[in-house]
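If you want the building blocks of each chain, they are given just below.
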Amino acid sequence: MNAQWSPVLAKTVEPTPPPVRVRRSGQPIAIVVTDRDGTIVAWNEGAHSLFGYREAEMLGRALDDFADQDGARDIPVDQIANAVQSRWFRHKTGQRLFCSLHISSPAKPADGDERQAWFIFDMTALCDRILQMQEELAEERQRREIALRADASKDFCLALISHELKQPLTTMLMSIERMLESTCVKRAPTLAEDLRAMRGATRRQARIVADLLELSRARTGKIQLATELVEIGDLIGHLASAVGVTSPDKGIHITRDRATQLWCEADPVRLEQIFSNLLDNAIKFSNHGGRIDIHVEPQDGFAKVSVSDHGAGISSEFLPQVFNMFGQEPRSSTFATGGLGIGLALAQELARLHDGRITVASDGPGLGSQFTVWLPLAGALRRRPLANSEWL
């Protein structure tokens with residue numbers, strides 16, 4: 001037996017104590033023996049070290065005499081090892097101690113007096129840590145709720161502002177178009193040039209407002225997809241041709257490569273928004289005469305569409321923020337462009353609505369970038385979902 005056992009304990013307790021599962025390094029084990037009435041008949045040095053009371057002070061008293069009756073911070077037993085019981089005690093100095101109690105019922109001694117051995121461990125530090133973690137979790141939940149409410153308010157404001165701006169911009173565009181068709185304007189080249197510049201600027205603002213409105217709707221779950229079978233290669237080819245025509249001044253060369261026909265059950269209008277934003281972004285950050293490569297292929301039940309440019313590139317510090325709303329990396333004058341960084345955020349939300357995803361890669365500033373869209377193939381073409389660890 002342990003040398004710390006009292007003489008009474010040595011005479012009355014025969015079985016080997018149960019295995020100790022929780023013990024501080026170097027901490028003595030508190031062992032207390034009580035009779036059938038709960039009176040303490042043995043109190044070892046470990047109990048003295050834990051509670052501050054000497055054996056002479058405790059013999060003849062009940063174990064509950066120095067238990068903390070408040071129990072204000074009791075926690076479930078299953079959170080503290082596998083203790084048979086757990087309770088708060090008071091140290092001789094008044095300090096509260098949370099302890100786990102493992103009970104052993106030894107054989108009856110010759111006098112027939114039933115006794116119990118209590119193996120007591122100080123779990124105060126662990127209990128305090130659990131309570132601290134619970135408080136931190138509650139605070140984190142509160143912060144999350146506040147952030148979610150703030151985010152919802154922001155989306156509502158953006159939707160309201162976008163809606164209010166959309167109508168006047170549409171009216172302005174219609175008026176400019178009518179003026180450009182008038183005879184007097186056709187006879188005044190300078191005026192016509194100014195009106196075309198106004199039309200371009202108004203269209204860009206209308207596009208920003210439309211993207212803001214769509215992004216707000218996507219984030220609040222108000223977009224309903226009108227899905228149908230869409231052949232991804234044909235859709236990409238149509239968009240690439242249209243984008244190339246709208247940016248003739250930059251002389252961008254667009255190459256397309258696809259392995260086979262790939263059909264997805266998707267909303268073609270929303271897919272056009274996704275890929276138009278990616279192509280516009282690639283053109284925007286490409287040098288004059290640059291090249292954009294589009295590659296379409298199947299992979300693990302998904303249509304994988306990569307849009308690569310050889311232009312401005314993205315720094316490693318900014319890569320994690322690429323898809324954030326209003327996220328736009330500070331650029332040098334070489335790559336100075338307009339825009340608020342809304343298009344990529346919208347593209348990501350629309351891809352998610354299709355159970356897909358967009359990833360981005362870049363070797364750094366001036367080394368171009370690659371955006372890859374993953375969209376689930378339709379019906380039997382889709383073999384299995386793609387795990388998060390497999391996204392490239």
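The model shown is predicted, which means the values in this text are computed figures rather than measured ones. Note on numbering: residues in each chain are counted from 1, in written sequence order. Under the rules for a predicted model, residues below a pLDDT of 70 receive no local features and side-chain atom pairs below 80 are neither given nor counted, while totals for whole chains, interfaces and linings still include all residues. Side-chain numbers here rest on the full set of heavy atoms in the structure, without hydrogens or water.

S.K.: For this particular structure, what's the right way to read the overall build of the protein?
M.R.: Secondary structure elements are taken from DSSP: a helix is a run of H or I of four residues or more, a strand is a run of E of two residues or more, and numbering for both begins at the N terminus. Looking only at helices and strands, the protein has nine helices and twelve strands in total. Look at the contacts in the protein between residues 6 or more apart in sequence, and 62% of them connect residues 24 or more apart. Put simply, the protein shows about 21600 Å² of open surface, and 52% of that area lies on carbon and sulfur atoms. Contact between two residues is taken to exist if any of their heavy atoms lie within 4.5 Å; hydrogens are not considered. Shrake-Rupley sampling with a 1.4 Å probe provides the accessible areas, and residues are treated as covered by the protein chains on show and by no other component.

S.K.: Would you mind showing me how to read the pattern of salt bridges here?
M.R.: Pairing between side chains of opposite charge can happen when the charged atoms of each approach one another. Salt bridge, as used here: a side-chain nitrogen of Lys or Arg that lies within 4 Å of a carboxyl oxygen of Asp or Glu. According to the stated counting rule, one finds nine salt bridges in the structure shown. Between Lys92 and Glu57 there is a salt bridge, with its nearest N and O atoms 2.9 Å apart. You can see Lys92 sitting in the loop between strand E3 (85-90) and strand E4 (96-104) and its partner Glu57 sitting in helix H3 (residues 55-58), a full 35 residues away along the chain. The class of Lys92 is partly exposed, set by a relative accessible area of 44%. Judged by its relative accessible area of 31%, Glu57 falls in the partly exposed class. In this structure, Arg199 engages Glu177 in a salt bridge whose closest nitrogen and oxygen atoms are separated by 3.4 Å. The rule is simple: take the accessible area with a 1.4 Å probe, protein chains only, and divide by the maximum for that residue type; under 20% is buried, over 50% is exposed, in between is partly exposed.

S.K.: So what exactly am I meant to see when it comes to the packing of aromatic side chains here?
M.R.: The way to describe two aromatic rings as a pair is by their centre distance and the angle between their planes. Whether two aromatic rings pair depends on their centres lying within 6.5 Å, for rings of Phe, Tyr and Trp, where Trp uses its six-membered ring; planes under 30 degrees apart make the pair stacked, over 60 edge-to-face, and the rest tilted. Taken as a whole and judged by the stated rule, the model has four aromatic pairs. Between Phe51 and Phe89, the ring centres sit 5.4 Å apart and the planes meet at 65°, which makes this aromatic pair edge-to-face. Residue Phe51 is found in helix H2 (residues 45-51), and its partner Phe89 is found in strand E3; the two are separated by 38 residues along the sequence. For the pair Phe51 and Phe89, one class covers both residues: buried. Members of the aromatic cluster, connected to one another through ring pairs, are Trp43, Phe51 and Phe89. Sitting over a ring, as applied to charges here, requires NZ of Lys or CZ of Arg to be within 6 Å of the ring centre and within 35 degrees of the ring normal. Here the basic side chain of Arg61 rests over the ring of Tyr53, its NZ or CZ set 5.7 Å away from the ring centre. The ring of Trp88 is capped by Arg96, whose NZ or CZ atom sits 4.1 Å from the centre of that ring.

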